[in-house]
Amino acid sequence: MQFACSCLFQTSIKNEPQILDHIQQCQQFNESSPLCRMMNNANMDNVQIEQIYAFKFDLLLQLKKIDAEINKRTSSFIQQNPISFDSYRIFTSNGQQSHIQQSNGHQSNGYQNGQHQNGQHQQHQVGQSNIISEQKQQSSNKPFLEALNQNVRGNGYSHQKEKEQQVQFQATTALTPQADPINDKLACEQCHKAYSANNDFDKIWYLQSCIHMVCKTCIAFLVEKFYVNKEGKIMCPEVGCGHRIQQTDFEQALGKDTLAKYDKLLIYKQNNIAECIKCKCTFAIESGKQNEQVKDANGKLLTGDELKSYIQNRFKCSCGQEQCRQCQASPYHIGYTCESFAKNKLAKKCRLCDTPCQPDETKPKAIQLICSQEDCQKRSISLCIDLLKCGHFCNGVKGDLCFCLNKNCSKQDEDDYCNLCFTEALKSAPCVKLDCSHVFHEECILKRLGSKWNGPRIIFNYCECPLCKAWIGTKNVKITQQLDIQAKLKVDVLELCMERFKIEKLDKAKELKDPKHQYYNKPQEYAMNVFCFYECFKCKKPYFGGMKNCQQAAEQNNKQFNKEDLICPECCPITFENKCPKHGTKYIEFKCCFCCSMAVWFCGGTTHYCDPCHSGLGGGVKQCPGSGKCPLGVDHPPNGKEFALGCFLCRTKRVDSIIKQ
């Protein structure tokens, strides 16, 4: 059994590698074979990978059928005669299976075959003809088949004539797409979904250039994905078609108004015009600098297509809106091109950081989509795995109060930034819902409580909700333990404040008597505001450090401080003679070593400073104005030496008695 090509090449069918090599190089074979023409004309760039796989498996199935037919006919079908490709052409040209027989006649078909055997060139006439025994066909196919049969049987066979007749055949058959006569179904060339030719007429559309059927949903998808990027040149999705979808197809399938929107975007792209999606302003846009250094969310510099997309498409309108000119994503998808950003949105992502990942079905459903990053793995351990009644997973801590942060169920969206760290979305870590209904990361609240106050002076705003200023209230065990410690410290400070408040006789302050003042009838809040208390580095107890207005300038210029310099009088290693026999060292106060002010800081284990002198604003050692004029009201050694003022409580009582006398 032999293989014969129309180019006069002929060999045994056992020489399969030689036949395949010839088919790949032979131009006549590629022009004559419908399958080769289809593959050569196919625009594979516009074909989805799923369709390519489907086409591959379809070919494999048909190949198995062909092998089975060959095995069945091997013993009886043209064993001694060569197989001509003309038979294959007639077998496939009308799209239906025809029965092929070999005649014993010797009518010439006009081919001159040449063959090399043992180095000698031999020529002979191929004395055979192909007789087609037609099966039942539709009447519309008969004229073409009769003309084709006459052309094959006669001399002077012409490829050009066959092409013209084949075009005529396609024109007569393709105008009326054939549905399955049993169930009246047609399949979309893009999504392969079955539609009824009669009942789904409003959902399907026959392309004018090739009469392939594509559903309107897929046309809308193709327009949305390719229309602007490919300047309206979208090809038919049928593998091997090669025809372009016409503008009238888009209009009929989508409507003129919808298509006009994409035409508008196309014009904008061609003319480098951008439109703000917020205020609808249009303006010409200029590309950024090619050497611009831009970092993504992870701090990595953009390169390649990501940087090119950023330079060409990212812009910010005068109204403050940041967006992508091409895909109109807002804010701009930094670190992605428009195509990769679209794929990233469709991909399965980590529940915490949105990194694409594959689900781990061995874990509970709530934490199956957690990526392999160390932070996400640690956070998933304490993440609640409960499914709420609303159908969403809980965003809280395991064993804590359950709540939902989906935008349809909560005022706070899971994509909103945490108002404590301002670096990650709420969904990025297990959250805690406070009694005031505001939500924050659990780890951010614990970090805030652990850091305590900013600066040397004790203030308790770190224990308040940053949004509503209410004292933090929650049933979370870890946070409650920290709050109990801070609440005890606040009680101690408040007790010392009110003691000072009475000693200083501030109960008659005008701020407490003015109904319009914020501290009207609020002595505790007023005392906490006017007095300064510090935490001793050694004993961790609060101690008095003066009035607030005495250290405001120092606080502005002393943002960096050493906690080890904050030592209360009781922990001071300096010995002094005037220890109070009644109160001990509890109310002992020191003067500043450089001026006539009360000391707050104790540095180097040797020297006491007031706030201005400690921050460098004092200007060195100052001379005391003298007895009776010293603001301390006591006699003391010259400035530059350490001196304990004595017991504040006893000194205040002595001053009061002197005033009364």
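About the thresholds
Residues numbered from 1 in each chain as written. Predicted model: local features only at pLDDT ≥ 70, side-chain atom pairs only at ≥ 80, totals over all residues. Heavy atoms only, no water. Helix = DSSP H or I, 4+ residues; strand = E, 2+ residues; numbered from the N terminus. Contact = heavy atoms within 4.5 Å. Buried < 20%, exposed > 50% of the residue type's maximum accessible area, 1.4 Å probe, protein only. Phe/Tyr/Trp six-rings, centres within 6.5 Å; stacked < 30°, edge-to-face > 60°. Axes fitted to C-alpha atoms, helices over the stretch in contact; angles between N-to-C directions. Parallel < 35°, antiparallel > 145°, perpendicular 65-115°, else oblique. Nonpolar A, V, L, I, M, F, W, Y, C, P; charged D, E, K, R; others polar. Polar contact = N/O pair within 3.5 Å; in protein donor to acceptor, adjacent residues only side chain to side chain. Arc of directions from axis to C-beta. Core = buried A, V, L, I, M, F, W, Y, C linked by side-chain atoms within 4.5 Å. Pairing = 2+ DSSP bridges. pLDDT = per-residue confidence, 0-100. Salt bridge = Lys/Arg side-chain N within 4 Å of Asp/Glu carboxyl O.

Trainee: Whenever I open this one, the environment of Ile479 confuses me. Can you help?
Mentor: Within the fold, Ile479 resides in helix H15 (residues 477–503). Placed 47 residues apart in sequence, Ile479 and Val432 show a C-alpha to C-alpha distance of 9.5 Å. Excluding residues within four positions of it along the chain, Ile479 makes contact with Val432, Glu442, Ile445, Leu446, Leu449, Ile472 and Thr474.

Trainee: What's the story with unusual backbone geometry in this structure? I'm lost.
Mentor: Of note, the bond from Ser330 into Pro331 is cis; its omega dihedral lies within 30 degrees of zero at -5°. Assignment of secondary structure puts Pro331 in the loop between strand S15 (322–324) and helix H12 (338–346). Its identity is not glycine, yet Glu231 carries a phi of approximately 55°, on the positive side. Looking at where Glu231 falls in the secondary structure, it is placed in the loop between helix H8 (216–226) and helix H9 (247–254). Here Glu231 falls in the partly exposed class, since its relative accessible area comes to 43%. Of note in the backbone geometry, Asn272 takes a positive phi value of approximately 60° without being a glycine. With respect to the secondary-structure elements, Asn272 resides in the loop between helix H10 (256–270) and strand S12 (273–275).

Trainee: Which parts of the structure should I look at to understand the packing of aromatic side chains?
Mentor: Each aromatic ring pair is specified by the distance between its two centres and by the angle formed by the two planes. Tallied over the entire structure, the rule returns 11 aromatic pairs. With 6.0 Å between their ring centres and 55° between their planes, Trp453 and Tyr462 make a pair best called tilted. We note that Trp453, like Tyr462, is buried. One aromatic cluster is present, built from ring pairs that chain together Tyr227, Phe250 and Tyr262.

Trainee: How should I be thinking about the packing of H15 against helix H17 (residues 523–530) in this particular structure?
Mentor: For any two helices packed against each other, the geometry is given by the interaxial angle and the distance between the axes. Between H15 and H17, the least distance of the axes is 9 Å, while the angle of their chain directions is 90°. Judged by the angle between their axes, H15 and H17 are roughly perpendicular. Residues Val493, Leu494, Cys497, Met498 and Phe501 of H15 lie in contact with H17, whose contacting residues are Pro523, Gln524, Tyr526, Ala527 and Met528. Residues of the contact of H15 with H17, tallied by class, amount to 9 nonpolar, 1 polar and no charged.

Trainee: Please clarify how the side chain of Ser428 should be interpreted in this entry.
Mentor: Mapped onto the elements of the fold, Ser428 is located in the loop between helix H13 (374–382) and strand S16 (431–433). Within the structure, Ser428 has its side chain in polar contact with the backbone oxygen of Leu352 (distance 3.3 Å). Apart from the residues within four sequence positions on either side, Ser428 is in contact with Leu352, Arg379 and His441.

Trainee: How should I be thinking about H8 in this particular structure?
Mentor: For an α-helix, the turn length of 3.6 residues means that residues three or four places apart are oriented alike. Those residues of H8 that fall on the buried side of the exposure criterion are Cys218, Ile219, Leu222, Val223 and Phe226. Across the axial projection of H8, the buried residues extend over an arc of 140°, all falling on one side. Exposed side chains of H8 directed beyond 90 degrees from the buried face belong to Thr217 and Glu224. Buried positions along H8 lie against strand S10 (204–206), strand S11 (213–215), H9 and H10.

Trainee: Sorry if this is basic, but what is going on with the environment of Gln358 here?
Mentor: Its place among the elements puts Gln358 in the loop between H12 and H13. With residues up to four places along the chain from it excluded, the contact list for Gln358 reads Gln368 and Leu369.

Trainee: For this particular structure, what's the right way to read the nonpolar core?
Mentor: Soluble globular proteins tend to pack their nonpolar side chains together in the buried interior. Core analysis: the largest hydrophobic core is formed by 37 residues, its most contacted members being Ile445, Leu449, Phe501, Tyr526 and Phe531. Elements with a minimum of two residues in this core: S16, strand S17 (439–441), helix H14 (442–451), H15, H17 and strand S18 (531–535). Considering each element in turn, this core owes the most residues, 7 residues, to H15. Phe531 has contacts with Arg457, Cys497, Arg500, Phe501, Glu504, Leu506, Phe544, Gly546 and Met547, leaving out every residue within four places of it along the chain. Core analysis: the second largest hydrophobic core is formed by 27 residues, Tyr195, Val223, Cys236 and Ala253 among them.

Trainee: I tried to follow the pairing of S18 on my own but got confused; where do I start?
Mentor: On any regular strand, side chains alternate: one points to one face of the sheet, the next to the other face. Taking burial as the measure, the 5 residues of S18 include 5 buried ones, the bulk of the element. Every second residue of S18 is oriented toward a common face, with Phe531, Phe533 and Glu535 on one face and Cys532 and Tyr534 on the other, all of them buried. Counted along the chain from S18 to the antiparallel partner strand S19 (residues 542–547), the turn is 6 residues long, and its residue Lys540 has a positive phi close to 65°.

Trainee: Can you help me understand the confidence of the model for the chain in this one?
Mentor: The predicted model of the chain has a mean per-residue pLDDT of 76, with 76% of residues at 70 or higher. Segment residues 77–182: pLDDT under 50, and 151 contacts once partners within four positions in sequence are set aside and those in other chains are kept.

Trainee: Sorry, what's going on with the pattern of salt bridges here?
Mentor: All chains considered together, the criterion is met by 9 salt bridges. Notably, a salt bridge pairs Asp354 with Lys427, separated by 2.9 Å at the nearest N-O pair. Residue Asp354 is found in the loop between H12 and H13, and its partner Lys427 is found in the loop between H13 and S16; the two are separated by 73 residues along the sequence. Here Glu535 ties to Lys452 by a salt bridge, and the two come within 3.7 Å at their closest N and O atoms. Residue Glu535 is found in strand S18, and its partner Lys452 is found in the loop between H14 and H15; the two are separated by 83 residues along the sequence. Judged by relative accessible area, Glu535 falls into the buried class, the value being 17%. Overlapping salt bridges, with partners in common, bring together Asp354, Asp415 and Lys427 in one network.

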